[in-house]
Amino acid sequence: MSDLDSDDHEQLERPSKSERKRQMLGLQKTGEALLGLTAAQLAEMPLSNAMREALDLSKTLKHREAQRRQLQYIGKLMRTEEHEKIAAAVAALEDKNRYFRQRFHRIEQLREQLMAGGDNAFESVLEQAPTIDRQHLRQLIRQAQKQLAAKKPGNASKKLFQYLREALD
């Protein structure tokens, strides 16, 4: 009876095959996220030389099946890496990128509102950046509106965006 209890106890402590497979797929996904990083971002990651070589090789492979096998190998290597630290570093980079994308979209929407002639948007900019040069901002808005109305290609809209980005920093 005690032998059965110990077998049951061991079975409860050991993860099931499905759970192990989910863990391996999670490690493989982390490895796949590493493939999307730039060289500068990868340099900041706590990776072994073997992992760095595997990632470099994976970027050079052209055939789909070869890429799939290399990704599985990266997942296997992830077992020996400090995958919790790597996953946390990748998540931190993704959060940083998400913040910059959101900020970019917010400034883009503000620019569109300003170009549409919204006084509320102009007041909002003045509240967020009280030291902004109002006259220069109005001039940029007028130039962008003229180019938009004339349907001419130009960079007034881009200049307005850059000015807003700098002012709102």
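Placed above this text is the structure.
Residues numbered from 1 in each chain as written. Predicted model: local features only at pLDDT ≥ 70, side-chain atom pairs only at ≥ 80, totals over all residues. Heavy atoms only, no water.

A. Fine view of the overall build of the protein chain. Summing up its helical and strand segments, the protein chain has nine helices and zero strands in all. Listing every helix and strand of the protein chain by position from the N terminus yields α-α-α-α-α-α-α-α-α. Against the compact-globule benchmark of 15 Å for 169 residues, the protein chain has a radius of gyration of 26 Å, which places it well outside the compact range. For the protein chain, with 169 residues in total, the buried portion stands at 28%. Taking all contacts inside the protein chain whose residues are at least 6 apart in sequence as the whole, residues at least 24 apart take part in 58%. Looking at the protein chain as shown, the accessible area adds up to about 12300 Å², and 49% of this sits on carbon and sulfur atoms. Across the protein chain, the 30 positively charged side chains and the 25 negatively charged ones have centroids separated by 12 Å. (Helix = DSSP H or I, 4+ residues; strand = E, 2+ residues; numbered from the N terminus. Rg over C-alpha atoms; globule rule 2.2 N^0.38 Å. Buried < 20%, exposed > 50% of the residue type's maximum accessible area, 1.4 Å probe, protein only. Contact = heavy atoms within 4.5 Å. Areas by Shrake-Rupley, 256 points an atom, 1.4 Å probe, with all protein chains shown as cover. Lys, Arg positive; Asp, Glu negative; His and termini not counted. Charge placed at Lys NZ, Arg CZ, Asp CG, Glu CD.)

B. Highlighting the packing of helix α2 (residues 17-35) against helix α6 (residues 83-115). Contact geometry of α2 with α6 gives a least axis separation of 10 Å together with a crossing angle of 50°. Taken together, the axis directions place α2 and α6 in an arrangement best described as oblique. For the crossing formed where α2 meets α6, the hand is left-handed. Listed contacts from α6 to Leu27, Thr30, Ala33 and Leu34 of α2 are His83, Ile86, Ala87, Val90 and Glu94. When grouped by side-chain class, the residues that make up the contact of α2 with α6 number six nonpolar, two polar and one charged. (Axes fitted to C-alpha atoms, helices over the stretch in contact; angles between N-to-C directions. Parallel < 35°, antiparallel > 145°, perpendicular 65-115°, else oblique. Left-handed = near helix turned anticlockwise from the far one by under 90°. Nonpolar A, V, L, I, M, F, W, Y, C, P; charged D, E, K, R; others polar.)

C. Expanded view of the pattern of salt bridges. What the rule picks out here adds up to six salt bridges. The partner of Lys85 in a salt bridge is Glu82, and the shortest N-O contact between them spans 3.0 Å. One salt bridge in this structure joins Arg111 and Glu112, with 3.2 Å as the shortest N-O distance. Overlapping salt bridges, with partners in common, bring together Glu65, Arg68 and Arg69 in one network. (Salt bridge = Lys/Arg side-chain N within 4 Å of Asp/Glu carboxyl O.)

D. Spotlight on the side chain of Glu81. Residue position: Glu81 is located in the loop between α5 (64-78) and α6. No salt bridge is formed by the buried Glu81; the nearest opposite charge belongs to Arg52, separated by 7.8 Å.

E. Representation of the packing of aromatic side chains within the structure. What the rule picks out here adds up to two aromatic pairs. Aromatic pair Tyr99 and Phe100: ring centres 5.4 Å apart, planes at 65°, arrangement edge-to-face. When its relative accessible area of 47% is taken as the criterion, Tyr99 is described as partly exposed. (Phe/Tyr/Trp six-rings, centres within 6.5 Å; stacked < 30°, edge-to-face > 60°.)

F. Structural view of the nonpolar core. One finds Leu114, Val125, Ile132, Leu137, Leu160 and Leu164 to be the most contacted residues of the largest nonpolar core, which totals 20 residues. Going through the elements one at a time, α6, α7 (119-128), α8 (134-150) and α9 (156-167) are the ones with two or more residues in this core. With five residues, α9 is the single largest residue contributor to this core. In contact with Leu114, other than residues within four places in its own chain, are Ala121, Phe122, Val125, Leu137, Ile141, Gln145 and Leu164. (Core = buried A, V, L, I, M, F, W, Y, C linked by side-chain atoms within 4.5 Å.)

G. How the structure looks around the environment of Gln70. Structurally, Gln70 can be placed in helix α5. It is 27 Å that separates the C-alpha atoms of Gln70 and Asn97, two residues lying 27 residues apart in sequence. Setting aside its immediate chain neighbours within four residues, Gln70 contacts Ala54, Leu57, Ser58 and Leu61.

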